[in-house]
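# Architecture and fold: a report
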Amino acid sequence: MCGIVAYVGSKDAYPIIVKGLKRLEYRGYDSAGIAIGSDSCITILKTKGKVSDLEAYTSGKNTSGSIGIGHTRWATHGAPNQVNSHPHNSGDGKLSIIHNGIIENYVSIKTALETKGHTFKSDTDTEVLVHLIEDVKNHENVSLFEAVRIALGEVVGAYAIVVMEEGITNEFIAARKGSPLVIGVGRDEYYIASDATPIIEYTNEVVYLEDSEIARVNSGESLEIKTIANVSKTAYIHELEMSLDTIEKDGFPHFMLKEIYEQPKSIRDTMRGRISPDNKEVKIGGILDYEQKIMNADRIIIVACGTSWHAALIGEHLIEDFARIPVEVEYASEFRYRHPIIRETDVVLAISQSGETADTLSALELAKEKGATILGICNVVGSSIPRLTHAGIFTHAGPEIGVASTKAFTTQIVVLTLMALRIGKQKGMISNTDFHQIITELELIPEKVEKVLKTNSQIEIIAQQFKDANNFLYLGRGYNFPVALEGALKLKEISYIHAEGYPAAEMKHGPIALIDDEMPIVVIATKKGNYEKIVSNIQEVKARGGRLIAIVTEGDKTVKELADYCIEIPNCFEELTPLLSNVPLQLLSYHIALLRGCNVDQPRNLAKSVTVE
Ligand code: G6P
């Protein structure tokens, strides 16, 4: 959840770290801090608030030094204030640490350290860890590298850490378990970060530290990597393919808007190379070796969280429709704790933009232990889920920085569509004609999304009308029910308006009681599917005075007469409508949040990558 950046080399560390922290602010932004090392001391500067607050706080202070660590926090233990923000120091002040994750057994470690005379300033688990490292170092009389390794052997939980030592200006120690850490390799310099975005500007050579690995990062030497269990490892250098302009705002006022507008490109990128030129074949290299297993699976269980869980619900429709394999969709957090029945003939598929979500990762680990085939659909190359799975498919949405997921969602649906079609065709569940028609239609989706994006100014006007509402209800059926859920989630995430998504027909079993002339209802009423039934549901809303915003198919007349506002989307096959119907809902949330003065890219209390339970 938190963002980590560190630098060691010959350049000034401060600007590199601050710039990197800004790129990682999507991971947490309630406090920020930095530690800069010099020959004589470590200077720590930290404050509540965002990285810009840290910049204001450090202004005029001495920040020079060519080794440093920085952190942007999403609080887990202790309130977001200056004392609890990172870096934290050891008791003697000689060690400084930044940490992303949770030390689960920190209370027992803290108690044991207290009996040895340690006292603590903050409420954090992180401060306990750096005291533990100090304790090991002093009592066992070992190097910092060894002390960190031994201390981590006692730790239960998840962590990505970087530790530096007073007076040592060319070296720090980094380690990870369950939380991501990437090491950028420069010439006589190293960069460390929670993801590659702070690094790409300086080098495209990176080493992904594996779980339970620890690295000695010395600017004048090659990386020394070991496991926590003391087995030496080789550092494998990967080449990053990401470019700098893909992680900048590119003229848009917010990342979220930029990412909404990037969807036609992201969809094309996700399809690229996977569809034959004649639209008669789909090939997905990432799962080719496991295709037979998927085809023979008794069922596919999809685990995910948040927006990815909504994509999973659409995947359920797609896979059951096209491939006729039973699908169950589970919240990863529930699945892992409820003794699920997992058989070797099951395929467990995780969907995750970040590839780091702790609950999703743990659900997969459980499924792997039970012998299931585990697959992933992820956006971030090199993240933990793709490295854990037997096989998987990348979404190629490009870096998604806005905390509210947009283009990742659409590309997840594209991947699920391709996968369902491929498996369905291999199993003989879909005719060549149908297959060809759907693929041909899918190829047209980017253009159609471009058309939907042209409704932006109309949506802005609608947003003006509804910006002061306290509640919203989103309704959809079939393929568009998960879209309703996602629309409601988007609105509540960034505008803090209470919103619920419901299957339209289920409305009469409860939510209908909420409807009055104050209540905006967003209904997805596209021509295919249960159109007539949705029209009846709209009548029910109208009869109770609800204010209706409808997403309709181009040329619709019936709903237009009933709804207060209609947003048209191009006609397409029902199975593909979520790729279009979802876009106006993203824009609606964006504009409402903006009009309410909310921070669209960094909504309160949220984080983009939830690497804690
Ligand atoms: C967080 C984010 C959501 C995201 C969810 C799952 O809650 O704020 O936008 O949908 O995590 O993330 P994942 O990276 O696994 O898709």
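For the structure itself, consult the block above.
Residues numbered from 1 in each chain as written. Predicted model: local features only at pLDDT ≥ 70, side-chain atom pairs only at ≥ 80, totals over all residues. Heavy atoms only, no water.

### Side note on the layout of surface pockets
Defined as follows: The method works on a 1 Å grid over the protein atoms by themselves. A cavity is a set of points holding a 1.4 Å probe that cannot get out, a pocket is an open set with protein on both sides within 12 Å along at least five of seven lines, and residues with an atom within 4 Å of a point line them. Grid points are joined across faces, edges and corners, and a volume is the space filled by probe spheres set on the points. Classification convention: Asp, Glu, Lys, Arg as charged; Ala, Val, Leu, Ile, Met, Phe, Trp, Tyr, Cys, Pro as nonpolar; all other residues, Gly among them, as polar. Secondary structure elements are defined from DSSP: runs of H or I of at least 4 residues count as helices, runs of E of at least 2 residues count as strands, and each element is numbered from the N terminus.
By volume, the largest pocket amounts to about 1,100 Å³. M242, N379, V381, G398 and P399 are, among the 44 residues lining the largest pocket, the residues nearest its centre. Residues belonging to the lining of the largest pocket are distributed by class as follows: 14 nonpolar, 14 polar and 16 charged. By volume, the second largest pocket is sized at about 660 Å³. Lining the second largest pocket we find 35 residues, and of these C305, G306, T307, L489 and E493 sit closest to its centre. Within the residue set of the lining of the second largest pocket, elements represented by two or more residues are α9 (306-323), β18 (346-352), α11 (358-369) and α16 (480-495). Within the lining of the second largest pocket, the residues separate by chemical class into 15 nonpolar, 14 polar and six charged.

### Focus: the sheet that holds strand β16 (residues 299-304)
We count it as follows: DSSP calls a pair of strands paired once it identifies at least 2 bridges connecting them. An axis is simply a line fitted to the C-alpha atoms; with a helix, the fit covers only the stretch in contact. Between two such axes, the angle follows the N-to-C directions and lies from 0 to 180 degrees.
Taken in spatial order, the five strands make up an open sheet running β17-β16-β18-β19-β20, and their pairing is parallel. A single partner strand is all that each edge strand has here, and the edge strands are β17 (327-331) and β20 (391-394). In this sheet, neighbouring strand axes are inclined to one another by 20° on average, regardless of whether the strands run parallel or antiparallel. One ladder, built from four bridges, connects strand β19 (residues 373-378) with β20; its direction is parallel. Its bridge partner being in β20, L375 is matched across the sheet by A391.

### Regarding the environment of V156
Threshold: Relative accessibility decides the category of a residue: with a 1.4 Å probe and only protein chains considered, values under 20% of the type maximum give buried, values over 50% give exposed, and everything between is partly exposed. Only heavy atoms matter for contacts: two residues are in contact if any of them lie within 4.5 Å across the pair.
Counting through the fold element by element, V156 comes out in the loop between α5 (144-153) and β7 (157-165). A relative accessible area of 43% places V156 in the partly exposed class. Between the C-alpha atom of V156 and that of E104, which follows or precedes it by 52 residues, the distance is 5.5 Å. The residues contacting V156, other than those within four sequence positions of it, are I102, I103, E104 and N105.

### Quick look at unusual backbone geometry
Here the amide bond leading from H86 into P87 is cis, since omega sits at 0°, within 30 degrees of zero. Considering the arrangement of structural elements, one finds P87 in the loop between β4 (67-73) and β5 (88-89). In the Ramachandran plot, H339 falls in the positive-phi region, its phi being about 45° despite a non-glycine side chain. Tracing the backbone shows H339 in the loop between α10 (332-335) and β18.

### A word on the state of the cysteines
Note the following rule: Two cysteine sulfur atoms make up a disulfide if the distance between them is within 2.5 Å.
Under the definition given, this model contains zero disulfides. Free of any disulfide, C566 has its nearest neighbouring cysteine sulfur in C572, separated by 17 Å. For C566, a relative accessible area of 15% gives the class buried.

### Focus: the packing of aromatic side chains
Worth spelling out the cut-off: Note on ring pairs: Phe, Tyr and Trp rings are taken, using the six-membered ring of Trp, and paired if centres are within 6.5 Å. Classes follow the plane angle, with under 30 degrees stacked, over 60 edge-to-face and the rest tilted. Lysine and arginine charges are scored as sitting over a ring when NZ or CZ, respectively, is within 6 Å of the ring centre and within 35 degrees of the ring normal.
Enumeration according to the criterion identifies seven aromatic pairs in this entry. A ring pair is formed by Y191 and Y202, whose centres lie 4.7 Å apart and whose planes are at 5°; its orientation type is stacked. In this pair, Y191 sits in strand β10 (residues 190-193) while Y202 sits in the loop between β10 and β11 (205-208), placing the two residues 11 residues apart along the sequence. What makes Y191 buried here is its relative accessible area of 2%. Judged by relative accessible area, which is 26%, Y202 ranks as partly exposed. Among the aromatic residues, those joined into a cluster by ring pairs are F466, F472, Y474 and Y565. Against the face of Y57 rests K61, its NZ or CZ located 4.0 Å from the ring centre. Above the plane of the ring of Y496 lies R604, whose end atom (NZ or CZ) is 3.8 Å from the centre.

### A short note on helix α3 (residues 106-115)
Going by this rule: The arc in question is traced by the directions running from the helix axis to the C-beta atoms.
Buried within α3 are the following residues: Y106, I109, K110 and L113. Angularly, the buried residues of α3 cover 100° about the axis, an arc narrow enough to put them on a single face. Along its buried surface, α3 packs onto β6 (95-103) and α4 (125-140). Directly beyond the C-terminal end of α3, a positive phi value near 105° is found at G117.

### A word on empty space enclosed by the protein
Over the atoms a probe the size of a water molecule is rolled, and this reveals where empty space is left. Per the counting criterion, the structure on display carries two cavities of 30 Å³ or more. In this structure, the largest cavity occupies an estimated 90 Å³ of space. Around the largest cavity, the lining comprises 13 residues; the ones closest to its centre are R477, N480, T526, K528 and N530. Counted as a void, the second largest cavity has a volume near 70 Å³. Of all elements in the fold, only β6 and α4 reach the threshold of two or more residues within the lining of the second largest cavity. When its residues are assigned to classes, the lining of the second largest cavity shows two nonpolar, seven polar and two charged.

### Considering the nonpolar core
As a reminder, the rule being used: Here the nonpolar core consists of buried residues drawn from Ala, Val, Leu, Ile, Met, Phe, Trp, Tyr and Cys, with membership extended through side-chain atoms lying within 4.5 Å.
Membership of the largest hydrophobic core comes to 89 residues, with the highest contact counts inside it found for F472 and Y474. For this core, the element with the most residues is helix α13 (residues 407-426), which contributes 10 residues. Sequence-distant contacts of Y474, that is, excluding residues within four places in its chain, are made with A484, G487, A488, L491, A499, E500, G501, Y502, V522, L585 and L588. One finds V5, V182, V206 and I247 within the second-largest nonpolar core, a separate group that totals 30 residues.

### A few points about α16
Our working rule: Multiply 1.5 Å by the residue count of a helix minus one, and that product is the helix's expected span.
The end-to-end C-alpha separation of α16 is 22 Å, in line with the 22 Å expected for 16 residues at 1.5 Å each. Among the 16 residues of α16, 14 are classified as buried, and the element is accordingly described as predominantly covered. Positioned one or two residues after α16, Y496 has a phi angle of 65°, which is positive.

### Here's the deal with the site of the ligand
Inclusion rule: We call a residue near a molecule or strand when any one of its heavy atoms sits within 4 Å of it. Nitrogen and oxygen atoms within 3.5 Å of one another constitute a polar contact, given that in protein one can donate a hydrogen and the other can accept it, and given that sequence-neighbouring residues count only through two side-chain atoms. Being in a pocket or cavity means that more than half of the molecule's atoms lie within 2 Å of its grid points.
Among the 14 residues in the neighbourhood of the ligand, the closest are listed as S308, S352, Q353, S354 and T357. The separation between an oxygen atom of the ligand and a polar side-chain atom of S352 is 2.6 Å. At 3.4 Å, a backbone N or O of V403 approaches an oxygen atom of the ligand. Among the cavities detected, the one that contains the ligand is the second largest pocket. The leading source of residues in the shell around the ligand is α9, at three residues. For the shell around the ligand, a count of residues per class yields four nonpolar, eight polar and two charged.

### Comments concerning the sheet that holds β11
Pairing is antiparallel in the open sheet, where eight strands are placed in the order β3-β2-β4-β1-β10-β9-β11-β15. The strands lining the two open edges of the sheet, one partner per strand, are β3 (42-48) and β15 (238-239). Looking at chain direction, strand β1 (residues 3-8) and β4 are connected through six bridges and run antiparallel. Bridge pairing in β4 links I4 to H71. With respect to the sheet, helix α2 (residues 51-58) is in contact with β2 (31-37), β3 and β4, its orientation differing from that of β3 by roughly 130°.

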